[in-house]
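Next come the chains, spelled out residue by residue.
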Amino acid sequence: MTYKLNPELRKIQSPVVLVLPDGSETDYPDGIALTEITFTTRYVVQRMMAKGNKVVISLEKGPDMPDNSKAWATGNEDISFF
């Protein structure tokens, strides 16, 4: 499964520095380029700040997505409406 960042980040028109939880940094020309990248880990924005003429966005690992296939399960049996 792959993940992308919040699409609202595409509104950033300034250069962006993306900081991953391991401390590695990557530069992007704007928020549009940032929202086009994919990750194998789910990340959420931890903080955003301006540094010079760039927006620095620090990420943290996001919560795991719930397994919707088990959303209606009770114990070992699925709920039936019939």
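Our structure's up above, just so we're on the same page.
What you see is a predicted model, and the numbers here were worked out from it, not measured in a lab.

(A) Here's a closer look at the sheet that holds strand β2 (residues 25–28). The sheet built from four strands is open, its strands ordered β2-β1-β4-β3 with mixed pairing. The sheet terminates laterally at β2 and β3 (43–51), the two strands that pair on one side only. On average, adjacent strands in this sheet sit at an angle of 25 degrees to one another, irrespective of strand direction. Pairing of strand β1 (residues 16–19) with strand β4 (residues 54–61), which is carried by four bridges, proceeds in the parallel orientation. Pairing of V17 across the sheet is with V56, part of β4.

(B) Looking closely at the side chain of T35. Inspection of the secondary structure assignment puts T35 in helix α1 (residues 31–35). T35 gets classed as buried once you look at its relative accessible area, which sits at 14%. With residues near it in sequence (within four places) discarded, T35 still touches K4, N6, P7, L9 and R10.

(C) Seen up close, the nonpolar core. Formed by 14 residues in total, the largest nonpolar core has its most connected members in L5, L18, L34, F39, I57 and L59. With three residues, β4 is the largest single contributor of residues to this core. With residues near it in sequence (within four places) discarded, L18 still touches L5, S24, E25, T26, Y28, L34, I37, F39, I57 and L59.

Rules used throughout
Residues numbered from 1 in each chain as written. Predicted model: local features only at pLDDT ≥ 70, side-chain atom pairs only at ≥ 80, totals over all residues. Heavy atoms only, no water. Pairing = 2+ DSSP bridges. Helix = DSSP H or I, 4+ residues; strand = E, 2+ residues; numbered from the N terminus. Axes fitted to C-alpha atoms, helices over the stretch in contact; angles between N-to-C directions. Buried < 20%, exposed > 50% of the residue type's maximum accessible area, 1.4 Å probe, protein only. Contact = heavy atoms within 4.5 Å. Core = buried A, V, L, I, M, F, W, Y, C linked by side-chain atoms within 4.5 Å.

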